[in-house]
Amino acid sequence: MAPEHHIPRETAHKLARRTLFGFIVTFMLARICVFLIMAQLMPNMYFFMHGTHVHHLNYGIFLLAVVCGYSVFRRPVGRAAEITALFYGVAMGLTFDEFGMWLHLGGSYWQRASVDAVIVVAALFGLVAFARSLRRFEKRHFWSCLILVMLLFGFGFVLNLAGNRLGDDMGPTLQTLEEASSP
């Protein structure tokens, strides 16, 4: 009988941290690149097929399909699982960056719904990545958890107000850039 190799099993927390990292970096890079392309400070890297702009959410959907298939059929462990988690975050970042376009086909790239969706997904990844296991949740953690939830709701409220203000201030400028960069 062959000796059994001990392969360490990754925790969901560790893989979620890799996913969160890939997700946030991809979202930020996508937004920066789109802004720079629209402002003509970077070469136009948009892909057009027969005159139709192929949005990066499509790349994310295809990458999600590949990552999911690989995860189901290969069940990666070790370094392969970490890389898979990172690619999962990249795919989710590409897809949810244009979430507003799922809701309003043909709508503006700069829809508030996209940023809101990214915040919700990042919060969920962060919860899995950094939350204590429920089995170890003790009464003394209740007050800390309650304070954290109140702070998060307060932060969300302030972020919502700031986002609306920023949208009012920057929205027309971004709309002008988007219209100027359309073929």
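Above this text is the structure in question.
Residues numbered from 1 in each chain as written. Predicted model: local features only at pLDDT ≥ 70, side-chain atom pairs only at ≥ 80, totals over all residues. Heavy atoms only, no water.

## Focus on the side chain of Thr 95
The residue Thr 95 is located in helix H3 (residues 79–96) in this model. Excluding its chain neighbours within four sequence positions, the residues that come into contact with Thr 95 are Leu 57, Gly 60, Ile 61, Leu 64 and Trp 102. (Helix = DSSP H or I, 4+ residues; strand = E, 2+ residues; numbered from the N terminus. Contact = heavy atoms within 4.5 Å.)

## Regarding the nonpolar core
Core analysis: the largest hydrophobic core is formed by 11 residues, namely Leu 20, Phe 23, Phe 27, Met 92, Phe 96, Phe 99, Ala 117, Val 118, Val 121, Ala 122 and Phe 125. Among the elements of the structure, helix H1 (12–38), H3 and helix H5 (112–130) are those that each provide at least two residues to this core. Here the element with the most residues in this core is H5; it accounts for 5 residues. Membership of the second largest hydrophobic core comes to 8 residues, among which are Ala 30, Val 34, Met 38 and Tyr 46. (Core = buried A, V, L, I, M, F, W, Y, C linked by side-chain atoms within 4.5 Å. Buried < 20%, exposed > 50% of the residue type's maximum accessible area, 1.4 Å probe, protein only.)

## Things to note about a nonpolar patch on the surface
Taken together, the side chains of Phe 142, Trp 143, Leu 146 and Met 150 define a hydrophobic patch exposed on the protein surface, amounting to about 450 Å² of accessible area. Along the chain, Leu 146 falls in helix H6 (residues 139–181). Classification of Leu 146 as partly exposed rests on a relative accessible area of 32%. (Patch = residues over 30% accessible without salt bridge, like charges linked within 9 Å, V, L, I, M, F, W, Y side chains within 5 Å. Areas by Shrake-Rupley, 256 points an atom, 1.4 Å probe, with all protein chains shown as cover. Salt bridge = Lys/Arg side-chain N within 4 Å of Asp/Glu carboxyl O.)

## Overview of the packing of aromatic side chains
On inspection of all chains with the given rule, the structure shows 5 aromatic pairs. A centroid spacing of 5.8 Å and a plane angle of 15° characterise the contact between Phe 96 and Phe 99, whose relative ring orientation is stacked. Here Phe 96 and Phe 99 have matching classes, each one buried. Through pairs of rings, three or more aromatic residues link up here, namely Phe 23, Tyr 88 and Phe 125. (Phe/Tyr/Trp six-rings, centres within 6.5 Å; stacked < 30°, edge-to-face > 60°.)

What is shown is where atoms sit, not what they do.
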